[in-house]
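For reference, the chains in residue letters:
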Number of protein chains: 2
Amino acid sequence: MIVESRDGRPHPNRVTAVYRVEPGAVPPEELARLIAIEQTVEIPEALIPPGRIRDEIVGRVESITPDPGAPDANRITISYGAELASDLFGLLAVAIGNAPMYGGVRLVDLRPPQALLEALPGPNHGVEGVRRACGVLGRPLLATALKPQGSTVPELAAIGEAFARGGGDLVKDDQNLTDPFEAFRSRVLACAEAVDRGNQATGRKCLYLPHAGAPAEELERYVEFVAEAGLPGVLVCPMITGLDAVRAVAERYPLIFMGHPSLTGVYTHAPGHGVAHGVLLGTLFRLAGADISVFPDAGGRFQYTEAACVEITSRLREPLGGLRPAWPAPAGGMGPGDVGRICETYGPDTVLLIGGALLGHPEGIEAGTREILEGIREVHPEVSMQPAETPRSSLPEPRRLAFRKDWNWEGRDSSPYKDARDLAFRGVRRVELVGRFGERTRSDLRYFEVEPGGHTSLEKHVHTHVVIGARGEGVLLLGGRRLPLRPLDVACVGPLEAHQLRNETAEPFGFFCVVDHDRDRPMRAQ
Amino acid sequence: MIVESRDGRPHPNRVTAVYRVEPGAVPPEELARLIAIEQTVEIPEALIPPGRIRDEIVGRVESITPDPGAPDANRITISYGAELASDLFGLLAVAIGNAPMYGGVRLVDLRPPQALLEALPGPNHGVEGVRRACGVLGRPLLATALKPQGSTVPELAAIGEAFARGGGDLVKDDQNLTDPFEAFRSRVLACAEAVDRGNQATGRKCLYLPHAGAPAEELERYVEFVAEAGLPGVLVCPMITGLDAVRAVAERYPLIFMGHPSLTGVYTHAPGHGVAHGVLLGTLFRLAGADISVFPDAGGRFQYTEAACVEITSRLREPLGGLRPAWPAPAGGMGPGDVGRICETYGPDTVLLIGGALLGHPEGIEAGTREILEGIREVHPEVSMQPAETPRSSLPEPRRLAFRKDWNWEGRDSSPYKDARDLAFRGVRRVELVGRFGERTRSDLRYFEVEPGGHTSLEKHVHTHVVIGARGEGVLLLGGRRLPLRPLDVACVGPLEAHQLRNETAEPFGFFCVVDHDRDRPMRAQ
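**Student:** Quick question: what am I supposed to make of the packing of helix α14 (residues 339-346) of chain A against helix α16 (residues 365-379) of chain A here?
**Tutor:** The axes of two packed helices give the description: the angle between them and the distance between them. Residue and element names in this part refer to chain A. Between α14 and α16, the least distance of the axes is 9 Å, while the angle of their chain directions is 40 degrees. Judged by the inter-axis angle, α14 sits oblique to α16. Relative to α16, the crossing made by α14 is right-handed. Contact with α14, carried on its side by Val-339, Gly-340, Cys-343 and Glu-344, involves Ile-372, Gly-375, Ile-376 and Val-379 of α16 and no other residues of that element. Taken together, the residues of the contact of α14 with α16 break down into five nonpolar, two polar and one charged.

**Student:** Help me understand a nonpolar patch on the surface in this model?
**Tutor:** Residues and elements named next belong to chain A. There is a patch of nonpolar side chains on the surface, built from Leu-137, Val-383 and Met-385 and spanning about 210 Å² of accessible area. Within the fold, Val-383 resides in strand β15 (residues 383-384). Residue class for Val-383 comes out partly exposed when judged on its relative accessible area of 44%.

**Student:** Where do I start with the relation of the copies chain A and chain B in this structure?
**Tutor:** The two chain copies are connected by a rotation around an axis plus a translation along it. Rotating chain A by 180 degrees and translating it 0.0 Å along the rotation axis places it on chain B, where the RMSD comes to 0.1 Å. What we have between these two chains is a two-fold relation. Residues of chain A ranked by C-alpha distance from the rotation axis are headed by Gly242(A), positioned 2.4 Å from it. Here 100% of the interface residues in chain A have copies in chain B that are interface residues too; the copies meet face to matching face.

**Student:** How do you make sense of the nonpolar core when you look at a structure like this?
**Tutor:** Burial of nonpolar side chains together is a common tendency in soluble globular proteins. If you look at the biggest cluster of nonpolar residues, it comprises 234 residues, and the most contacted ones within it are Tyr19(A) and Tyr19(B). Trp407(A), Cys492(A), Val431(B) and Leu433(B) belong to the second-largest nonpolar core, a separate cluster that totals 33 residues.

**Student:** Explain the pairing of strand β3 (residues 70-81) of chain B here, please?
**Tutor:** Regular strands show a simple pattern: their side chains alternate between the two faces of the sheet. Residue and element names in this part refer to chain B. For β3, the buried fraction is high: nine of the 12 residues fall into the buried class. Here strand β1 (residues 14-21) runs beside β3; their pairing, made up of eight bridges, is antiparallel. Counted as the bridge partner of Ala-17 is Ile-78 from β3. As paired elements, strand β2 (residues 60-67) and β3 share seven bridges and run antiparallel to each other. By the bridge assignment for β3, Val-61 is matched with Ile-78. Between β2 and β3, which follow one another and run antiparallel, lie two residues.

**Student:** Explain the sheet that holds strand β9 (residues 233-236) of chain A here, please?
**Tutor:** The strands making up a sheet are joined through hydrogen bonds of the backbone, oriented either antiparallel or parallel. All names here are of chain A. Strand order across the open sheet formed by four strands is β9-β10-β12-β13, with parallel pairing between neighbours. In this open sheet, the two edge strands, each paired with only one partner strand, are β9 and β13 (327-331). Ignoring strand direction, the axes of neighbouring strands in this sheet form an average angle of 20 degrees. Bridging between strand β10 (residues 256-259) and strand β12 (residues 292-296) involves two bridges; their strand directions are parallel. Considered in β12, the bridge of Gly-259 is made with Ser-293. Packed on one face of the sheet, helix α13 (residues 306-317) meets β12 and β13 and runs near 175 degrees to β12.

**Student:** Can you walk me through the pattern of salt bridges in this structure?
**Tutor:** Per the counting criterion, the structure on display carries 94 salt bridges over all chains. Arg370(B) is paired through a salt bridge with Glu366(B); the nearest N and O atoms lie 2.6 Å apart. Here Glu366(B) and Arg370(B) lie together in helix α16 (residues 365-379), a separation of four residues that amounts to about one turn. Each of Glu220(A), Glu224(A), Arg252(A), Arg442(A), Asp518(A) and Asp516(B) takes part in one network of salt bridges that share partners.

**Student:** How should I be thinking about the state of the cysteines in this particular structure?
**Tutor:** As enumerated under the stated definition, the model contains zero disulfides over all chains in all. No disulfide involves Cys237(A); its sulfur sits 17 Å from that of Cys191(A), the nearest cysteine.

**Student:** Honestly, the environment of Ser293(A) in this entry has me stumped. Any pointers?
**Tutor:** Residues and elements named next belong to chain A. Relative to the helices and strands, Ser-293 is located in strand β12. Considered as a pair, Ser-293 and Leu-31 are 262 residues apart in the sequence and their alpha carbons are 33 Å apart. Excluding residues that lie within four positions of it along the chain, Ser-293 makes contacts with Gly-259, Leu-281, Phe-285, Leu-316, Trp-327, Pro-328 and Ala-329.

**Student:** Please explain the packing of aromatic side chains as it appears in this structure.
**Tutor:** Think of a pair of aromatic rings as described by two things: how far the centres are apart, and how the planes are tilted against each other in angle. Considering all chains together, one arrives at 33 aromatic pairs over all chains under this definition. Relative to Tyr267(B), the ring of Tyr267(A) lies with its centre 5.0 Å away and its plane at 75 degrees, an arrangement referred to as edge-to-face. Here the residue Tyr267(A) occupies a position in helix α11 (residues 264-268), and Tyr267(B) occupies one in helix α11 (residues 264-268), the pair thus bridging two chains. Both residues of the pair, Tyr267(A) and Tyr267(B), count as buried. Ring centres of Phe509(B) and Phe511(B) lie 5.3 Å apart, and the angle between their planes is 35 degrees; on these two criteria the pair is classed as tilted. Comparing Phe509(B) with Phe511(B) shows no difference in burial state: the two are buried. The side chain of Arg221(A) reaches across the aromatic face of Phe181(A), ending 5.4 Å from its centre.

**Student:** Mind showing me how you'd approach the packing of helix α7 (residues 181-202) of chain B against helix α8 (residues 219-228) of chain B here?
**Tutor:** Residues and elements named next belong to chain B. One can describe the packing of α7 onto α8 by two numbers: an axis separation of 11 Å at closest approach and a directional angle of 25 degrees. As summarised for this structure, α7 and α8 are arranged roughly parallel, according to the angle between their axes. Along this stretch, α7 crosses α8, giving a crossing that reads as right-handed. Residue-level inspection shows Phe-181, Phe-184, Arg-185, Val-188 and Leu-189 of α7 in contact with α8, the latter providing Arg-221, Tyr-222, Phe-225 and Val-226. Of the residues contributing to the contact of α7 with α8, the split by class is seven nonpolar, no polar and two charged.

**Student:** How do you make sense of the side chain of Thr456(A) when you look at a structure like this?
**Tutor:** Residue and element names in this part refer to chain A. Along the chain, Thr-456 falls in the loop between β21 (443-455) and β22 (459-460). A polar atom in the side chain of Thr-456 sits 2.9 Å from the backbone nitrogen of Leu-501. The contact partners of Thr-456, leaving out residues within four places of it in the chain, are Ala-424, Phe-425, Val-428, Val-450, Gln-500, Leu-501 and Phe-511.

**Student:** Help me understand the interface of chain A and chain B in this model?
**Tutor:** Interface size, as often reported, equals the accessible area lost upon joining of the parts. Counting residues at the interface gives 123 residues for chain A and 124 residues for chain B. Carbon and sulfur atoms make up 61% of the area that chain A and chain B hide from each other, which totals about 10,400 Å². If you sort the residues of chain A by the area they bury against chain B, Phe89(A), Met101(A) and Arg399(A) come out on top, with a joint share of 8%. In this structure, the salt-bridge partner of Asp520(A) is Arg185(B), at a minimum N-O distance of 3.0 Å. Where chain A packs against chain B, one counts 48 residue pairs in polar contact (both at pLDDT 80 or more). Classifying every residue of the side of chain A that touches chain B gives 65 nonpolar, 28 polar and 30 charged.

Rules of the game
All residue numbers refer to position in the chain's written sequence, counted from 1. The lettering of chains begins at A and the numbering of ligands begins at 1, in the order of writing. With the structure being a predicted model, the display of local features is reserved for residues of pLDDT at least 70 and the display and counting of side-chain atom pairs for 80 or more, all residues being used for whole-chain, interface and lining totals. Hydrogens are left out, water is left out, and the side-chain values use all remaining heavy atoms of the structure. Geometry is summarised by axes, namely lines fitted to C-alpha atoms with helices restricted to the contacting stretch, and by angles between N-to-C directions that run from 0 to 180 degrees. Helix and strand labels come from DSSP, where a helix needs a run of H or I of at least four residues and a strand needs a run of E of at least two; each type is numbered from the N terminus. Working rule for angles: under 35 degrees goes down as roughly parallel, over 145 as roughly antiparallel, 65 to 115 as roughly perpendicular, anything else as oblique. Each crossing gets its handedness from the near helix: less than a right angle anticlockwise from the far helix is left-handed, clockwise is right-handed. Contacts were defined at the residue level, with two residues in contact if any of their heavy atoms lie within 4.5 Å. Residues are sorted three ways: Asp, Glu, Lys and Arg are charged, Ala, Val, Leu, Ile, Met, Phe, Trp, Tyr, Cys and Pro are nonpolar, and all the rest, Gly among them, are polar. For patches, a residue must show more than 30% relative accessible area and have no salt bridge; joins then use 9 Å for like charges and 5 Å for nonpolar side chains, namely Val, Leu, Ile, Met, Phe, Trp and Tyr. The Shrake-Rupley method, run with a 1.4 Å probe, gives the accessible areas here. Residue values count only the displayed protein chains as cover. Each salt bridge in this description consists of a side-chain nitrogen of Lys or Arg and a carboxyl oxygen of Asp or Glu lying within 4 Å of one another. Categorising residues by exposure relies on relative accessible area from a 1.4 Å probe, with only protein chains included: less than 20% of the type maximum marks a residue as buried, more than 50% marks it as exposed, and the intermediate range marks it as partly exposed. Copy-to-copy superposition: least squares on the C-alpha atoms, limited to residues that have pLDDT of at least 70 in both copies. In this description, a nonpolar core means a group of buried Ala, Val, Leu, Ile, Met, Phe, Trp, Tyr and Cys residues linked to one another through side-chain atoms lying within 4.5 Å. Should DSSP find at least two bridges between two strands, the strands are taken to pair. Pairs of cysteine sulfur atoms within 2.5 Å are identified as disulfides in what follows. Put simply, two rings from Phe, Tyr or Trp (the six-membered ring, in Trp's case) pair if the centres are within 6.5 Å, and we call them stacked under 30 degrees between planes, edge-to-face over 60, tilted for the rest. Criterion for a charge above a ring: Arg CZ or Lys NZ at most 6 Å from the ring centre, at most 35 degrees from the ring normal. Counting of polar contacts relies on pairs of N or O atoms within 3.5 Å, with two restrictions inside protein: one atom must be capable of donating a hydrogen and the other of accepting it, and residues adjacent in sequence are counted only when both atoms are side-chain atoms. In this description, buried area is defined as the sum, over both parts, of the accessible area (probe of 1.4 Å) that is lost when the two are combined.

Here it is in structure tokens:
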């Protein structure tokens, strides 16, 4: 289903949303108008100011057509200006937002504007990248899960090792495994070593994806650990963690992201309401950066229809800006007997996620894995390639910046500081020491030197400064105070505190400044 | 509705979830068993290991009773061990998780375990705190929104000022206002000044709550700015931002949090599926820290029933561990004519959120605000009190730590470093300079000094170090390297890099170390 504009083509510079609406007290034309207003200006129609707001901000009802599947229901197509969806937060707010509170409203298609598609990187690896990582071409990949919850670490690790020994491709943590960070760290290292042992036995490369099931403020640390431990990816639950939170870590860490459908049943499983399977587990998961999207196969234990599976799969693979296609990973109660059917139905670019049937295989996990892989290869023959090295991050050289007598550092340039907009300063040079060279620190370290009579700009910002005196003597103006700053003195500039550093002596004044790596731009202080 | 255990009392040490299930192909007893397994061990029943996993991890079906409202439907009560819900992530995963993928499953009651209730702070201010902040006792509060989206900053600010001049209590940004940080900063400052002008005219205190509608990686900066600008709170959309992400910022910033229902209609509006209104907008929002929960009033433009409004309201106010009661904020198309009814229905501890009817008031916003407040006071007379000062954060003193010739700093103690677990070191003293005294920096600054022959522990961790040589000469062991470190030399220790600092000279060796404020514990390096 491709949404078309009035002239028959998709709107590249608008969000296009198609809502299936159940027959109700409000006629569809009226409901369409209500939704178009609700999602944007959210005020009574009579109060909408004419001009730009009425013409550009309010959603535009593009079409109302009977639903092909149910004669009483309708499909309402509304488009919204791209500026209302400049990020994933905005897209969810404008396309879903309040609309479902009308009841019997289901988002059945969603086309993001071109600008958003260009802003979102999408899957880091996609179909081809995951194939390169495990070195398997031509056939579906086989995945399993470390479970059940409650098992000991050695028990979980043994599953991973046996699966890798059997030649399996991907092993993920169970999504119910959530641990405090230090327990997570130990468990993941143990399981990674076990999978490695299996890999050494086979010469293949089974990829281990731990579950980044962390409290919000620690998510990045969990993912960073996985990356730094040299593991290829993580499992995430986007609807618990938040779609945009997943997008943010996927942008920062170039790992494989496997999306788990926990909580998505709320969105997808009321037939006349919510969000269509394909829009959520296909389009939105892919926009958030999922390389692999797990969902229950229609043949499994959940109420999943074949149509839903096809819809998700199409959305993961269809053209979507420049985003990489992603893997469907049907799961949920499949056994060896389902392998042929799934391989035929979904085609080679599919991950078969088989848990219980492997854990309970009468000949054990290793033999079970081999048997299922045989079944897969019968339908789609395997072509092996050398697996790509999982990129190990390395810090930039030199690792130590030697101080020079002229107050510069080996390997770093000194640059005169330039006036930025209305932030005036005088006689300041800067040496960027740490943070701008790929160090992945949370803070940057800079050295500033102010000439006699010079000063930095009088500014304020939300991020804080820690200042360490290094050379000569200066004055830190902080709010109304004048604080002298001599070598090895330490001072703090708090959020939104007006501050300036001045040199009122006849010798150079130098200081180190520690500052957040990600920070807001300074604003002029009065 | 209070869920009871087999002996008739709630389980204080278990999660109790009640699912209403539609009549379907699977008998309710079978479905109950499936859900209890699905949400926990997620493997076929025959494979569940006996002992602790079968007895403690698998969910326990407590009761199955016919639904009082629909004879064919049933209510299934399942309890889960508290350790499966040690945080909000775990609670959502175990209580909702995969269950809705069975179709026709609605979570209608949820009782968190005592341990989780003790771990979550809940609303920072609650009913009493918000009353203190605006200085109004005895009557419902009146709130409005800055809108429509697309208005200029002066237009939005003018609404805030007029509302404050009319004596209004709370003004929030429209949830569709999402801006890049620097635009957000300017807009919020302009609107805050406008509301302040209104407050100066009345001597009252109208509270302005900007919308923290930020990309995930910037949420904290938006909220921090609001806090540092001296504003009392924020509006958040928990189901877009993520419930646990809201919980995390609410824990860190002691502001008033107003929760907006965007996206909640997906959860609540399929009658036989999803999550009950009260569980989501009452219990879960409150667990995430909402002081105020906005939802459409039954009399407004959405399909909200009176029962749903009552359920949300009860859940916001009912005893829930030691969590503060929160405010219901009925909204959505109410006008002056609804004021009496709403005051009567909801009682005095209610926020009336009136947008359109104020914006379109024939006598203007200021007069309209007065009129509506009159109506409120007629039902629930006002008792005024002195509004509490919005706490302005202040940094700890001294702001400058003067260096002393004995390599200590004024205002800071030096302490010998102690062996922690298996992390051995020798002859090290530490001076905590910045970060442990309420500075709210992202990084801590410490000075370490190693005696001749001494060394720090050989360790590694995910967080990074930036090291600046200060006194004497030492050696940084980094992986396999030996890097000399002299005064003003700078070095970086990357994630999971084994490192140690050694003094092989006859003089003290001192260095500054910059480290993440929130960081993982070191682990021994081989």
